[in-house]
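For reference, the chains in residue letters:
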Amino acid sequence: MVALLCAGEYCHVHTVGKHQAAIHVENYFNELQQQHPFTLLCAYPLSAFPHGDDRAMFGEVCRLHTEVLPAENLDMGADLDTMRRTIALLQQQAYALSTEVYDRKQVERALREVNFDRLTGLPNRSVFHDRMEMDIKRSRRTQRPVALLFIDLDHFKEINDTLGHATGDVLLKQVGKRLASYVRASDTVTRLGGDEFTITLAELTNIATVTDVAQKILDDLSHPFQLDDEVAYISASIGITLYPQDAASVGELLRNADQAMYESKALGRNRFCYFTHSMQEAAQTRMAISNDLRRAIGNDQLTVFYQPIVDMHAGGIVKAEALLRWQHPENGEISPVDFIPIAEHTGMIVGIGNWVFQRALQQAGEWRITQPDFTVSVNVSPVQFYRSNEAYYREWLNNCKTLGGPPGAGPAVSIEITESLMMASDETVMDKLAAFQNAGIKISLDDFGTGYSSLSYLRKFNLDYLKIDQSFVHNLEQDTANCALCEAIIVMAHKLGLKVIAEGIETPGQRDMLARAGCDYGQGYLFGQPIPADQFDVLLKNAPPRLAGQPVHA
Ligand SMILES: Nc1nc2c(ncn2[C@@H]2O[C@H](COP(=O)(O)OP(=O)(O)OP(=O)(O)O)[C@@H](O)[C@H]2O)c(=O)[nH]1
């Protein structure tokens, strides 16, 4: 702000040279500027004020105080005393002005914080509500529909986990920029929070535009993001709802779009779905299940059942798989297929999974008293790996030392993981898996054959067991191709040093074919259904080691 009073070519003070007053004022203003982080130009030509508001304010100060003049009006012939007086007044006025500007900036900043997302600079949830209300009102007048797109990035947590939170922030900023570039002036892009964004398309003349915009978003987000030194590839799931077709209020529309987004995730992500009323019903059911599940945890409605796993060659039950069961007080038994995804979505799976692990470990310890190498396998959801912290699995490892019977045959529990975990795995997941393995916990790959079925993962993760999915076993006797495939999987698994467990064995024919193919262990209704611990206890006590070939009935 050195240019104070140096209003232009004809500036009097400037021409005077080292004028003490000017130097004094300069210093004063420089100090002022250090205290207030903005540029204050005083006695500068009005035209030099960069912002219209500031220009108007300074003009107003000049008008109210006739001695203070904008540079255009300075009398260049005035004597130095007049100039000094002018400068003194300028000091006062400038201070008043600076305070005013400072206050205004503070108010503006506070307003920005209330209305705009700090990270992306996009309008936030409260602006979203206000604008959507306005769009709805306008739509009632114009009869033009409004579309709401709810956009949630896929697996964003992995970006944070692998590249760090700061890089995650950079990505969110860039996503915000890309999204903002698609829309017209009548549309609104907001960040609701986390990795959730909305786009409101108002004044729609052609509803087909919505699909085009959604597809464009997916296409554009699939292009790489340069994040400092890293390159990230992402996708998003989008839910779309329309006003007035789907709902009448902002709250309902947001819920609809969220449900449709949830559907996109459930269908495999990287896609968009329009809201439908059946989704609403499904969402209500999910909500009810989620609320009831929360209560079930504390009310002893959850139990662990055990399904026998037999040795296909030596005979006898040598292992069990722990399977969670929920007995709802009013609705009877609720299938894990219905409640596990909800437990995963809400994060409840972390607590539930922990509980199952402890139960299984304790139970396996009791069975080890009579059968020292008996093992119970526990399903571990990918969400448990992502959401749990280090303390969580350290506790598991410690418990393995104290619970589960006398040491000797290694930990009494093994864990079952899915292929999706290995495919999406990052370093933290790898570290956790390695910690389990180092503690001697065996790892099975569940449902092999239903997903990506990558052999390279088997090698990379150094697994112990591979479980052939029941869909292969189901029509083994009718389908020779399936039989050949099972044989190939068993040979290949053995070459990689893995033992094979076949799931879903229901007939002696299936058992015999798998045994001939070299399958190590079998599980299925032929050997026993999942049953409570006390019944399993009886089964185990009454089932002496036998030759494979004699089914074990529950
Ligand atoms: N870097 C960064 N991360 C955030 C911010 N706000 C929330 N997050 C993280 O964003 C992640 C959002 O995760 P979710 O949407 O639940 O899960 P996801 O990994 O995207 O998985 P899906 O949505 O199921 O595909 C969480 O891990 C939050 O901790 C933020 O401002 N910056």
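Note that the structure is predicted; figures quoted are calculated from it, not measured.

## Some points on the overall build of the protein
Now for step 1: The helix and strand inventory of the protein stands at 21 helices and 17 strands.
Now for step 2: Counting all 554 residues of the protein, 49% fall into the buried class.
Now for step 3: Of all intrachain contacts in the protein linking residues separated by at least 6 positions in sequence, the fraction that spans at least 24 positions is 69%.
Now for step 4: Here the protein displays about 27000 Å² of accessible surface, and carbon together with sulfur accounts for 52% of that area.

## Digging into the site of the ligand
Now for step 1: Near the ligand there are 16 residues, and of these His155, Asn160, Asp169, Lys265 and Arg269 occur at the shortest range.
Now for step 2: A distance of 2.6 Å is found between a nitrogen atom of the ligand and a side-chain nitrogen or oxygen belonging to aspartate 169.
Now for step 3: Here the ligand, which alone exposes 660 Å², has 69% of that area covered by the protein.
Now for step 4: Of all the secondary-structure elements, those providing two or more residues to the shell around the ligand are strand E1 (146-153), helix H6 (156-163) and helix H7 (165-180).

## What to know about the pattern of salt bridges
Now for step 1: Summed over the entire model, instances satisfying the criterion amount to 17 salt bridges.
Now for step 2: The shortest N-O distance in the salt bridge between glutamate 503 and lysine 467 comes to 3.7 Å. Here glutamate 503 is found in the loop between strand E15 (499-502) and helix H20 (508-516), whereas its partner lysine 467 is found in strand E14 (residues 465-468), with 36 residues between them in sequence. Summarising the burial analysis for this pair, glutamate 503 and lysine 467 share the class buried.
Now for step 3: The network of salt bridges with shared partners includes Asp135, Arg138, Arg144 and Glu203.

## What to know about the side chain of aspartate 520
Now for step 1: Tracing the backbone through its elements, the reader meets aspartate 520 in the loop between H20 and strand E16 (521-523).
Now for step 2: Buried and without a salt bridge, aspartate 520 has lysine 499 as its closest oppositely charged side chain, separated by 4.3 Å.
Now for step 3: Within the structure, aspartate 520 has its side chain in polar contact with the side chain of histidine 494 (distance 2.7 Å).
Now for step 4: Beyond its immediate sequence surroundings of up to four residues, aspartate 520 is in contact with Val310, Asp311, Met312, His313, His494, Lys499 and Val500.

## Here we look at the environment of glutamine 529
Now for step 1: Mapping glutamine 529 onto the fold places it in the loop between E16 and strand E17 (531-532).
Now for step 2: Residue classification places glutamine 529 among the partly exposed positions, given a relative accessible area of 41%.
Now for step 3: A sequence separation of 223 residues divides glutamine 529 from tyrosine 306, and the C-alpha atoms of the two residues are 8.1 Å apart.

## Some words on the packing of helix H10 (residues 277-298) against helix H11 (residues 336-346)
When two helices pack together, you describe them by how their axes are tilted relative to each other and by the distance separating the axes.
Now for step 1: Packing of H10 against H11 leaves a shortest axis separation of 10 Å and a crossing angle of 80°. Judged on the interaxial angle alone, H11 and H10 are roughly perpendicular. Here H10 contributes Arg286, Ile289, Ser290, Leu293 and Arg294 to the contact with H11, which in turn contributes Asp338, Phe339, Ile342, Ala343 and Thr346.

## Examining unusual backbone geometry
The phi angle of most residues is negative, glycine excepted, and most peptide bonds adopt the trans form.
Now for step 1: Note that the residue after tyrosine 243, namely proline 244, is joined by a cis bond; omega there is 10°.
Now for step 2: By secondary structure assignment, the location of proline 244 is in the loop between strand E6 (236-243) and helix H9 (250-266).
Now for step 3: Backbone geometry places histidine 155, a non-glycine residue, at a positive phi of 50°.
Now for step 4: Within the secondary structure, histidine 155 is located in the loop between E1 and H6.
Now for step 5: Given the relative accessible area of 42%, histidine 155 is considered partly exposed.
Now for step 6: Positive phi outside glycine occurs at arginine 269, with the angle close to 70°.
Now for step 7: The residue arginine 269 is located in the loop between H9 and strand E7 (272-274) in this model.
Now for step 8: For arginine 269, a relative accessible area of 29% translates into the label partly exposed.

## A look at the side chain of aspartate 446
Now for step 1: Locating aspartate 446 in the fold gives a position in strand E13 (residues 443-448).
Now for step 2: Put simply, aspartate 446 is tucked away with no salt bridge, and the nearest opposite charge, on lysine 467, sits 4.6 Å away.
Now for step 3: Not counting the four nearest positions on each side in its chain, aspartate 446 is found in contact with Asn379, Glu416, Ile417, Lys467 and Glu503.

## What about the packing of aromatic side chains?
Now for step 1: Scanning all chains against the criterion turns up eleven aromatic pairs.
Now for step 2: With centroids separated by 6.3 Å and ring planes inclined at 80°, the aromatic side chains of phenylalanine 272 and tyrosine 274 adopt a geometry described as edge-to-face.
Now for step 3: By relative accessible area, tyrosine 274 is classed as partly exposed at 30%.
Now for step 4: An angle of 90° between the planes, with centres 6.1 Å apart, marks the rings of phenylalanine 385 and phenylalanine 436 as edge-to-face.

## A word on helix H5 (residues 125-142)
Now for step 1: If you check H5, its first and last C-alpha atoms are 25 Å apart, about what 18 residues at 1.5 Å a residue would give, namely 26 Å.
Now for step 2: Among the residues of H5, Val127, Phe128, Met132, Asp135, Ile136 and Ser139 are the ones counted as buried. In an axial view of H5, the angular spread of the buried residues amounts to 165°, which keeps them on one side of the axis. Residues Lys137 and Arg141 are exposed on H5 and point more than 90 degrees away from its buried face.
Now for step 3: Two or three places before serine 126, at the start of H5, stands the capping residue asparagine 124, its side-chain oxygen 3.2 Å from that residue's backbone nitrogen.
Now for step 4: Note on H5: the residue one or two positions beyond its end, glutamine 143, has a positive phi of about 65°.

Basis of the calculations
- Residues numbered from 1 in each chain as written.
- Predicted model: local features only at pLDDT ≥ 70, side-chain atom pairs only at ≥ 80, totals over all residues.
- Heavy atoms only, no water.
- Helix = DSSP H or I, 4+ residues; strand = E, 2+ residues; numbered from the N terminus.
- Buried < 20%, exposed > 50% of the residue type's maximum accessible area, 1.4 Å probe, protein only.
- Contact = heavy atoms within 4.5 Å.
- Areas by Shrake-Rupley, 256 points an atom, 1.4 Å probe, with all protein chains shown as cover.
- Near = heavy atom within 4 Å.
- Polar contact = N/O pair within 3.5 Å; in protein donor to acceptor, adjacent residues only side chain to side chain.
- Salt bridge = Lys/Arg side-chain N within 4 Å of Asp/Glu carboxyl O.
- Lys, Arg positive; Asp, Glu negative; His and termini not counted.
- Axes fitted to C-alpha atoms, helices over the stretch in contact; angles between N-to-C directions.
- Parallel < 35°, antiparallel > 145°, perpendicular 65-115°, else oblique.
- Phe/Tyr/Trp six-rings, centres within 6.5 Å; stacked < 30°, edge-to-face > 60°.
- Expected span 1.5 Å × (residues − 1).
- Arc of directions from axis to C-beta.

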